[in-house]
Amino acid sequence: MTEPARDPGLQPERTRLAWRRTTLSATVAGVLAAKTALHGSTSAGVVACAACCALWLGFLLVAHRRIRALAATGRPAALTSRQAAGAVLCTVAIALCAAALVV
C-alpha cells in the first residue's frame, strides 16, 4: 500500500515569505548599525559595523539558499542543522555587534 502524496498547501510559500521578511529585518538592522557606527566614527564602531555587514552577508546567503529550496520543488527538503545553526549564529552575532555599537 503506497502513501498518498502529501499536499503541502501554502506552507512552503508562507515559509519562503517569512525568510524574506527576516532578511529584510536583518537588512534594516544592518543599515541602522552602519548609520550608528559612522555617526560616531570610532575605530571600534567601524570594526563592529564591518562585522555586522559580514554577518549580514552570511545570513543573506543562508536565507537565499533556503528561499531557493522552498521555491524549487513542491515538497522542499527539511532545513539542515548546519543551515539552522548558521542562521542562528549570524542573528545572535549581529545582535551582539549592535549591542556593542549602542554601548
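Located above this text is the structure these notes cover.
The structure presented is a predicted model; accordingly, all values stated were derived computationally and were not measured. (Residues numbered from 1 in each chain as written. Predicted model: local features only at pLDDT ≥ 70, side-chain atom pairs only at ≥ 80, totals over all residues. Heavy atoms only, no water.)

(A) Structural detail: the overall build of the protein. A count of helical and extended segments in the protein gives 3 helices and 0 strands. Walking the protein from its N terminus toward its C terminus, one meets helices and strands in the order α-α-α. Evaluated residue by residue, the protein yields a buried proportion of 26% over its 103 residues. Looking at the protein alone, contacts between residues at least 24 apart form 79% of all its contacts between residues at least 6 apart. Accessible area of the protein: about 7,200 Å², with a carbon and sulfur share of 67%. (Helix = DSSP H or I, 4+ residues; strand = E, 2+ residues; numbered from the N terminus. Buried < 20%, exposed > 50% of the residue type's maximum accessible area, 1.4 Å probe, protein only. Contact = heavy atoms within 4.5 Å. Areas by Shrake-Rupley, 256 points an atom, 1.4 Å probe, with all protein chains shown as cover.)

(B) Inspection of a nonpolar patch on the surface at higher detail. There is a patch of nonpolar side chains on the surface, built from Leu24, Val28 and Leu32 and spanning about 290 Å² of accessible area. As for its position among the elements, leucine 32 is in helix H1 (residues 11–40). (Patch = residues over 30% accessible without salt bridge, like charges linked within 9 Å, V, L, I, M, F, W, Y side chains within 5 Å. Salt bridge = Lys/Arg side-chain N within 4 Å of Asp/Glu carboxyl O.)

(C) Local environment of the nonpolar core. Judged by nonpolar contacts, the single largest core of 20 residues is most densely connected at Trp19, Leu55, Phe59, Ala87 and Leu101. Elements represented by at least two residues in this core include exactly H1, helix H2 (43–72) and helix H3 (81–102). Considering every element that reaches this core, the biggest residue donor is H2, with 9 residues. Apart from the residues within four sequence positions on either side, leucine 55 is in contact with Cys90, Ala93, Ile94 and Cys97. (Core = buried A, V, L, I, M, F, W, Y, C linked by side-chain atoms within 4.5 Å.)

(D) Layout of the environment of leucine 38. Among the secondary structure elements, leucine 38 is positioned in helix H1. Of the residues examined, leucine 38 reaches a relative accessible area of 55% and is grouped as exposed.

(E) Just the packing of H2 against H3, in detail. At a minimum axis distance of 9 Å, the contact between H2 and H3 shows a crossing angle of 155°. One way to sum up the angle between H2 and H3 is to call them roughly antiparallel. The chirality of how H2 crosses H3 is left-handed. Two secondary-structure elements touch here, H2 through Gly45, Ala48, Ala51, Cys52, Leu55, Trp56, Gly58, Phe59, Val62 and Arg65 and H3 through Gln83, Ala87, Cys90, Thr91, Ala93, Ile94, Cys97, Ala98 and Leu101. (Axes fitted to C-alpha atoms, helices over the stretch in contact; angles between N-to-C directions. Parallel < 35°, antiparallel > 145°, perpendicular 65-115°, else oblique. Left-handed = near helix turned anticlockwise from the far one by under 90°.)

(F) Region of interest: H3. An ideal rise of 1.5 Å per residue puts 32 Å on 22 residues; H3 measures up with 31 Å between its terminal C-alpha atoms. Listed as buried for H3 are Gly86, Ala87, Cys90, Ala93, Ile94, Cys97 and Leu101. An end-on view of H3 places all buried positions within 140° of arc, on one side of the element. Exposed residues on H3 whose side chains face more than 90 degrees from its buried face are Ser81, Val88, Leu89, Leu96 and Val102. (Expected span 1.5 Å × (residues − 1). Arc of directions from axis to C-beta.)

(G) Region of the structure containing H2. The first and last C-alpha atoms of H2 sit 43 Å apart over 30 residues, in line with the 44 Å expected at 1.5 Å per residue. Taken residue by residue, H2 has Gly45, Ala48, Cys49, Cys52, Leu55, Phe59, Val62, Ala63, Arg66, Ile67 and Leu70 as its buried positions.

(H) Layout of the side chain of arginine 66. You can see arginine 66 is positioned in helix H2. Excluding residues that lie within four positions of it along the chain, arginine 66 makes contacts with Trp19, Ala77, Ala78 and Leu79.

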